[in-house]
Amino acid sequence: MAFFEQEIHDAPTTFLSKYVFSFDHKVIAKQFLWYGIAFLGIGGMMALLIRWTLAFPGEPFPVIGPMLFPHTGGVVPPDTYAMLFTLHGTIMIFFAITPILIGAFGNYCIPLLIGARDMVFPTLNMLSFWLAFVSAVLLLASLFTPLGGAAGGWTSYPTLSTLIGSAGVGQTLWCLSLFVLGVSSTMGAVNYIATIITLRAPGMGYFDMPLTIWGLWLTAILNAIFLPVLGAGLLLLTFDRVFGTTFFLAGAAATSGSGDPVLFQHVFWIFGHPEVYILILPAWGIVSDLLSFFARKPAFGAKATALAMTSITILSTLVYGHHMYSTQMSPLLTQSFMMLTMTISIPSAVFFANWLGTLWKGAIRFQTPMLFSLGVVFVFGLGGLTGLYLATVSTDLYLHDTYFVVGHFHYTMAASVLLGGFAATYFWFPKMFGRMMNETLGKWHFWISMIGLNGIFMGMMIIGHAGMHRRIYNPFVYEFLQNLIPLNMFITISALTMGAAQLFFVYNFVYSMFKGPIATQNPWEVGTLEWTIPSPAPHYNFKEVPVVKCGPHEFGNPNLSGKDFQYQTEELVRA
Ligand code: HEM
Ligand SMILES: [Cu+2]
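These figures come from a predicted structure and were not determined experimentally.

A. Spatial organisation of the overall build of the chain. Per the secondary structure count, the chain includes 17 helices and 0 strands. Against the compact-globule benchmark of 25 Å for 575 residues, the chain has a radius of gyration of 24 Å, which places it among compact chains. Overall, the C-alpha framework of the chain stretches about 70 × 55 × 50 Å when taken along its three principal axes. The buried share of the chain, taken over its 575 residues, is 57%. Look at the contacts in the chain between residues 6 or more apart in sequence, and 79% of them connect residues 24 or more apart. Roughly 22600 Å² of accessible area belongs to the chain as shown, and the carbon and sulfur atoms make up 72% of that amount. Across the chain, the mean location of the 22 positive side-chain charges is 8 Å away from that of the 23 negative side-chain charges.

Structure representation (structure tokens):
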């Protein structure tokens, strides 16, 4: 129910108010999209530098290597290697995936899919983007400090991240950058939560919301609760670095009587485990909707899917200790965390089964957004299963800090979240830009990416299982890892393939924005509210606030004539 009057203000006319400091959620969504895609490129290049080093240590990176590292003739130096994997992780998680799924599609979808004219706090929304921009400037600036950027890993564990491990200003700027980004995302999260609670169109109950909105809503709730925890940890770390406090100082207990590096791990993972669900929930929601849309069937057990996502959200706050089995915490604690982690399998199995139920006997349309959604089902299945080996204390003690963990989290985060983000991009592109993307290029993009990323992450799990540890500069110096050289080369070639596949996307995106065929109002034949208005969506979305009469997945009702779906604004045709 709409508690607030939703006015229509005049459309902005100046360049600045229209495109730069815009209050319109759709423009802010696009700003986040450009931001995320740009960082995806930067983070991706860093990944290729890392992979090159692991497959061909001591050999210069082709073409751009000599420009980046002239003093070594183009070879990535060891200290730069540590910086590269730190910033690769940081950038991909906080500056690429988060802005694309949450910043861009959160902003774009929430008002449109719930029938609102904008977010409930448009000014806060604009500030949220510009704070994210400040954060990016801080991060990039850290690269140009005398001792270079942060090098303590994306988790920035002390002592790697204290003055002892990294003396430079780069690490301090990294902390500040993430702190500012945390403030920005918290502002966004509060806005999303409030908007979904107060601005749903008349008639839209919580279970009439598309599952996309469920995912984004739960994500926003986790963000609002746990980003401040990360903020607190980062602030304390900054104090240790700048003001000489000893919160995380190793050995402080023996001298000054307080301080412990493991304390940081607790603080980090109390945030960090929910964070991985913050990233996956929007993708789960989007995929749950798209599978139904393109299988032309109601989403199987939609209510159960929403409730399963909710239970996972709650459980995700209770399992962070599974990242710390090897810190010698008490066996009672490790076993409790293990049991709680395993419990997540139950709701996961429910919605995974619901996905398969949705596909079962569907009249599937294999268009690009659907291919990417099916890709998510596949890779998330693998990511979830490998999680079980890590959740089990006995196997994790061996696998911890190996490439198996890297393979696991790339399947769940890189692969699932990225493919989910692409599904969303191909799906909402017509509504965003009023034009269609090219299907053939989209399919090439999908298949080559799929081959590339499975080569990469499956390979990582194999070398991890064989004992190769993560964050290693030159694996070839260890005799027991030399057998893995061909596999490491294979992974690197897969990574180059994956990188090349993205050129199809970039070309398709840019070309279609200007020259793609004009999109109709509802090119995918879907009944949610955004498809009841013209493409691209007009200023203030809905001339009249729509009244919702049925759920988002009404497909294949035999009493419908002439079409197989109905709009959420239409009275449900009874059988
Ligand atoms: C389905 C159930 C899942 C289980 C049981 C599970 C379990 C685990 C465990 C036990 C670890 C710690 C391994 C170690 O460091 O030794 C881990 C690491 C990780 N998982 Fe999962 N996971 C699951 C799903 C996910 C999902 C959905 C995501 C992300 C969207 C995710 C992202 C990560 C990340 C990022 C790390 C590594 C963080 C780091 O050390 O840098 N996991 N997982
Ligand atoms: Cu976790």
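More follows now that the structure is in view.
B. View of the packing of aromatic side chains. Counted under the stated rule, the structure contains 61 aromatic pairs. For the pair Tyr206 and Trp217, a centre-to-centre distance of 5.2 Å together with 15° between the ring planes defines the contact as stacked. Here the residue Tyr206 occupies a position in the loop between helix H6 (169-198) and helix H7 (211-243), and Trp217 occupies one in helix H7, the gap between them amounting to 11 residues. We classify Tyr206 as partly exposed; its relative accessible area is 30%. On the basis of relative accessible area, Trp217 is assigned to the buried category, the value being 12%. What links up through ring pairs into an aromatic cluster is the set Trp34, Phe372, Phe422, Tyr426, Phe429, Phe433, Phe446, Trp447, Phe505 and Phe509. We note Arg200 situated over the ring of Tyr206; from NZ or CZ to the ring centre the distance is 3.9 Å. A cation over a ring is seen here: Lys563 above Phe565, with NZ or CZ 5.1 Å from the ring centre.

C. Examining the coordination of the copper ion (ligand 2) more closely. The coordination sphere of the copper ion (ligand 2) contains the protein donors His273 (ND1), His322 (NE2) and His323 (NE2), at a distance range of 1.8 to 2.0 Å. All donors to the copper ion (ligand 2) come from one chain, and their sequence spacing reads H-x48-H-H. For His323, a relative accessible area of 22% translates into the label partly exposed.

D. Looking closely at the coordination of the iron atom of ligand 1. Of all protein atoms, His408 (NE2) alone acts as a donor to the iron atom of ligand 1, lying 2.2 Å away. Between the iron atom of ligand 1 and the copper ion (ligand 2) there is a metal-metal distance of 4.7 Å. With respect to the helices and strands, His408 occurs in helix H15 (residues 403-433).

E. Highlighting the site of ligand 1. Residues in contact with ligand 1 amount to 21 residues; listed here are only the nearest, Trp154, Asp396, His400, His408 and Arg470. Take Trp154: an N or O atom from its side chain is 2.8 Å from an oxygen atom of ligand 1. Looking at the shell around ligand 1, the elements that each hand over two or more residues are helix H9 (261-295), helix H13 (368-391) and H15. Residue composition of the shell around ligand 1, grouped by class: 11 nonpolar, 8 polar and 2 charged.

F. Structural view of the state of the cysteines. For the structure on display, the rule yields 0 disulfides. For Cys109, which is in no disulfide, the shortest distance to another cysteine sulfur is to Cys550 and amounts to 19 Å. Judged by its relative accessible area of 5%, Cys550 falls in the buried class.

G. The nonpolar core, seen in detail. In this structure, Phe95, Phe105, Trp284, Phe427 and Trp428 are the most contacted members of the largest nonpolar core, which totals 174 residues. When residues of this core are assigned to their parent elements, the largest contribution, 24 residues, is made by helix H4 (residues 78-114). With residues near it in sequence (within four places) discarded, Phe427 still touches Leu290, Phe293, Phe294, Pro369, Trp524, Val526, Glu530 and Trp531.

H. The arrangement of helix H16 (residues 439-465) in detail. In a regular helix each residue adds 1.5 Å, so 27 residues correspond to 39 Å; H16 covers 38 Å between its end C-alpha atoms and thus fits that length. If you check the start of H16, you find a side-chain oxygen 2.8 Å away from the backbone N of Thr440, and it comes from Asn438. Immediately beyond the C-terminal end of H16, within one or two residues, lies Gly467, with a positive phi of roughly 110°.

I. Broad picture of unusual backbone geometry. For the peptide bond that leads from Pro158 to Thr159, omega is 10°, which places it in the cis range. With respect to the helices, strands and loops of the structure, Thr159 is situated in the loop between helix H5 (122-142) and H6. Note that the residue after Ser535, namely Pro536, is joined by a cis bond; omega there is -10°. Mapped onto the elements, Pro536 comes out in the segment after helix H17 (485-515). In this model, Arg296 sits at a positive phi of 55°, which is unusual for a non-glycine residue.

J. Representation of the pattern of salt bridges. Summed over the entire model, instances satisfying the criterion amount to 6 salt bridges. Here Arg296 ties to Asp564 by a salt bridge, and the two come within 2.7 Å at their closest N and O atoms. One end of the pair, Arg296, is in the loop between H9 and helix H10 (302-315); the other, Asp564, is in the segment after H17, with 268 residues separating them in the sequence. A residue is classified by how much of its surface remains accessible, and Arg296, at 7% relative accessible area, is buried. Residue Asp564 is classed as partly exposed on the basis of its relative accessible area, which comes to 24%.

Analysis parameters
Residues numbered from 1 in each chain as written. Chains lettered and ligands numbered in written order. Predicted model: local features only at pLDDT ≥ 70, side-chain atom pairs only at ≥ 80, totals over all residues. Heavy atoms only, no water. Helix = DSSP H or I, 4+ residues; strand = E, 2+ residues; numbered from the N terminus. Rg over C-alpha atoms; globule rule 2.2 N^0.38 Å. Buried < 20%, exposed > 50% of the residue type's maximum accessible area, 1.4 Å probe, protein only. Contact = heavy atoms within 4.5 Å. Areas by Shrake-Rupley, 256 points an atom, 1.4 Å probe, with all protein chains shown as cover. Lys, Arg positive; Asp, Glu negative; His and termini not counted. Charge placed at Lys NZ, Arg CZ, Asp CG, Glu CD. Phe/Tyr/Trp six-rings, centres within 6.5 Å; stacked < 30°, edge-to-face > 60°. Lys NZ or Arg CZ within 6 Å of the ring centre and 35° of its normal. Donors = N, O, S within 2.8 Å, 3.2 Å for Na, K, Ca; no water. Near = heavy atom within 4 Å. Polar contact = N/O pair within 3.5 Å; in protein donor to acceptor, adjacent residues only side chain to side chain. Nonpolar A, V, L, I, M, F, W, Y, C, P; charged D, E, K, R; others polar. Disulfide = S-S within 2.5 Å. Core = buried A, V, L, I, M, F, W, Y, C linked by side-chain atoms within 4.5 Å. Expected span 1.5 Å × (residues − 1). Salt bridge = Lys/Arg side-chain N within 4 Å of Asp/Glu carboxyl O.

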